[in-house]
Structure formats: structure tokens, C-alpha cells
Amino acid sequence: MGNQIKILDCTIRDGGLVNNWDFTVEFVQDLYNGLSAAGVEYMEIGYKNSPRLLNATEPNPWRFLDDNFLKEIIPVKKSTKLSALVDIGRVDPNDILPREHSILDMIRVACYIREVDKGLELVQMFHDLGYETTLNIMALSSAPEHQLIEAFEMVKKSPVDVVYIVDSFGSLDPADIEHQVKKFKEMLPQKQLGIHTHNNMQLAFANTLTAMRNGVTFLDSSVYGMGRAAGNCHTELLVGYIPKTRYELKPVLEVIEKHMLDMRNKWEWGYIIPYMISGLLNEHPRVAMAYRASEDRDKFVDFYEKVTSPESSIAPTSNR
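An unreviewed UniProt entry annotates the protein as Nucleoid-structuring protein H-NS of Calidifontibacillus erzurumensis.

Written out as C-alpha cells, the structure reads:
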């Protein structure tokens, strides 16, 4: 099993949701070199969204990846492949070069269950341009079963290489993950599967291992867990735990020591009580993130009472 596993580090892409992609070129280069030395198979270097579709007025090279810029940043590719993520309605096809002219190897498409048809149109386009592709179906914990079945019928006919199980709200536990993986494997027997977890309830690593042990081969993670709100499964945990001879922990630790200790003091991510509460309620962490940005950031009881009151737009729900 270990030889089939692929780790995809999304520190820049998901971590950018923490700091508005305020990463230095030095950090991104050091991260790429460190991940390559560690044997990590993929690094997601940002979003391939189109600035004009988002009315972006300020340059943000990791949110709006430019192929010429990337070639300057990483003039020599190493063993680690590069991926980018796109969102439905946020990418202009004219901004995507054929793979032979790009430094990118993989383009991943993120969508909600109701948008799978649009997501697969993008997958087809990227596939035809020569890229490896994934479809990342977000918010699975709130997706109705009948919509999943309909979506899977479309996915079966697509050329997508990997289909991702995404625990967007950090609300799933290992039993939920096992259930989802079995369902995906039964309905998509010809597709590789991936897992993307969030750490709202301290279960990102456990959930990722559960997925791996049930046949999922693409494992998303981020160094030091850096990612939106509660963050992701830690790359250093996977590199240190998975029995694969080419994984080396030391290069990842060097990146953390050189860069991420200071970053963690500047920007907040990881297991924090409001994010835990949003995970328990199976809700998007946006309300918790806004609360953490307010003067009441540490009034955990007040936050809990607000989001669980009958008048709240966030009411306790569970699909587990």
C-alpha cells in the first residue's frame, strides 16, 4: 500500500486562506525544495484562478498563478510535481496553457455537489490539454445521497484521474470517512480516490489514515497543518508515519524551523475552540473565523450560545 500512496502538500494554496497568500518567494522556493528532498510527490503552489473574473485589483501571484512567473520561481523542476486548484466560474480557459508549455503537472477542480457537471467540463478541458486532473467534491457531510448518486454517474464517464473526499467542515470522524470511502469505491471502482481533511476536532490525521487504510491513495496535507481556520492534516505527520523508504522527515522539519514558527506567531490557524464548535455543528467555519477577528475572540461560551440559539442562522445539524 505504501508504494501507491501520494502525498499532495497544499500549504501554499490552503494556507493562503490564512494569510491572503502573503508568502515570500524565498518561502515558496524553500518549501518546494524541502518537499522534494522529503519525497513528497505533489506540491499545490496556489490557485489558477483568473484575476479579471474576481475583479482583483492587487497582484497576488499565488492566488492567480502565472506560468511565466512560476518558471522564474522554479527554474528547475525536481521530483515533486506541481499542482494548482481552480474554482467553478473563476477561471478563464484562455489563461490555461497546454501542459507541455506549463510548469504545472496537475490541475484540480473544486466544486460542490450541485456543480459537478460544471466541474467535469473543466476537468475535460484540462485533461485535453494534457494535465493530470482531480475533482474535489466539497462539503460532503451535507450532500444529499441522491445528489451524490447522480453526480457519480457523470463522474464515471469523465476522464478525471482522482476523485476527492473533502471534509470541508472538519465534522467527520473515522467511521464517517470509512463509510464515505466505501461508498466512493463501490460507485467509482475505476477511479483513484483522494482525501482532504480539516482539523476542527483534532481528527485530520486519524481521518487521513483511515482513508489510506481503506484504499485512498492521494493524501492532502500541509506543513505544520497550515490551512483555513483549523488547518489540515500535517505533512510532517504523514511523512514521518507512512512506511515508505523515500520519505524523509528532516527536510520538512527544516522548513518549519526556518519559516513556520514565525509565521504561526503572525497568523492564526489550527485547533481553536470556535473552530471545534463549528466542526461539531457540521458548519462552515466562516462564522467562527469572523468571531476570532472580533474583540470577543476568546469568549468561547458566548460564541457557543450564539451559534446554538434558536435564532441563530447556524443551528446544530448532523449528517453523521
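Still more ground to cover, so stick around.
1. Regarding the UniProt feature "domain: Pyruvate carboxyltransferase" (unreviewed entry) in the protein
Sequence positions flagged by UniProt for "domain: Pyruvate carboxyltransferase" (unreviewed entry) are, in local numbering, residues 5-257. Along residues 5-257, the helical share is 37% and the strand share 17%, with 26 Å between the first and last C-alpha atoms.

2. Looking at the sheet that holds strand β5 (residues 132-137)
Around the barrel, eight strands lie side by side as β1-β2-β3-β4-β5-β6-β7-β8; this closed barrel has parallel pairing. Averaged over all pairs of adjacent strands, the angle between strand axes in this sheet comes to 25°, irrespective of strand direction. Sheet analysis places strand β3 (residues 81-87) next to strand β4 (residues 106-111), joined by five bridges and oriented parallel. By the bridge assignment for β4, S83 is matched with M106.

3. Things to note about unusual backbone geometry
Of note in the backbone geometry, Q202 takes a positive phi value of approximately 60° without being a glycine. Relative to the helices and strands, Q202 is located in the loop between β7 (192-196) and α7 (204-213). Looking at Q202, the relative accessible area reads 49%, which means it is partly exposed. Positioned with a positive phi, Y224 is a non-glycine residue whose angle comes to about 60°. Note on placement: Y224 falls in the loop between β8 (218-221) and α8 (235-241).

4. Here we look at the layout of surface pockets
If a probe the size of a water molecule is rolled over the atoms, the empty space left behind becomes visible. As a volume, the largest pocket reaches approximately 630 Å³. Along its surface, the largest pocket is lined by 28 residues, and L17, Y47, D87, M138 and R228 are the ones closest to its centre. For the lining of the largest pocket, the elements supplying multiple residues, two or more each, are α1 (11-19), β3, β4 and α11 (286-292). Class assignment for the residues of the lining of the largest pocket results in 13 nonpolar, six polar and nine charged.

5. Digging into helix α9 (residues 250-266)
An ideal rise of 1.5 Å per residue puts 24 Å on 17 residues; α9 measures up with 24 Å between its terminal C-alpha atoms. Along α9, the largest kink reaches about 50° and is centred on H259. Restricting attention to buried positions, one finds in α9 the residues P251, V252, V255, I256, H259, M260 and M263. Looking at the buried residues of α9, the elements they touch are α1, α2 (25-38) and α8.

6. Concerning the environment of G46
Topologically, G46 is positioned in strand β2 (residues 42-47). Separated by 37 residues in the primary sequence, G46 and S83 place their C-alpha atoms 7.7 Å from one another.

7. Some thoughts on the side chain of H198
Relative to the helices and strands, H198 is located in the loop between β7 and α7. Side-chain polar atoms of H198 contact the side chain of H196, separated by 3.3 Å. At 3.3 Å, the side chain of H198 forms a polar contact with the backbone oxygen of G231. Excluding residues within four positions of it along the chain, H198 makes contact with D14, D167, S168, G170, A204, R228, G231 and N232.

The rules behind the values
- For every chain, the first residue of its written sequence is number 1, and the numbers climb from 1 along that sequence.
- Whole-chain, interface and lining totals are the exception, using all residues; otherwise, since this is a predicted model, local features are given only for residues with pLDDT of at least 70 and side-chain atom pairs are given and counted only at 80 or more.
- Remark: hydrogens and water are excluded; side-chain values derive from all non-hydrogen atoms of the structure.
- UniProt positions are given in the numbering used here, feature names are shortened, and annotations may be inferred rather than shown by experiment.
- Secondary structure elements follow DSSP: runs of H or I no shorter than four residues count as helices, runs of E no shorter than two count as strands, and numbering proceeds from the N terminus.
- DSSP-based pairing: two strands are paired if at least 2 bridges between them are found.
- Axes, fitted as lines to C-alpha atoms, cover a helix only where it is in contact. Angles between the N-to-C directions of the axes lie from 0 to 180 degrees.
- Per-residue accessibility, obtained with a 1.4 Å probe over protein chains only, is compared with the maximum for each type, and a residue is labelled buried under 20%, exposed over 50%, and partly exposed between these values.
- Of the grid points, spaced at 1 Å and generated over the protein atoms alone, those admitting a 1.4 Å probe that cannot get out make up cavities, while open sets with protein on both sides within 12 Å along at least five of seven lines make up pockets; any residue with an atom within 4 Å of a point is treated as lining.
- Grid points are joined across faces, edges and corners, and a volume is the space filled by probe spheres set on the points.
- Residues are grouped as follows: Ala, Val, Leu, Ile, Met, Phe, Trp, Tyr, Cys and Pro are nonpolar; Asp, Glu, Lys and Arg are charged; every other residue, Gly included, is polar.
- Expected helix span is taken as 1.5 Å per residue step, with the number of steps being one fewer than the number of residues.
- Bend, at a single residue, is the angle you get between axes fitted to the 7 residues ending at that residue and the 7 residues starting at it.
- Contacts are assigned to residue pairs with any non-hydrogen atoms lying within 4.5 Å of each other.
- Pairs of N or O atoms are called polar contacts if they sit within 3.5 Å, as long as, within protein, a hydrogen donor faces a hydrogen acceptor (for residues adjacent in sequence, only side-chain-to-side-chain pairs).

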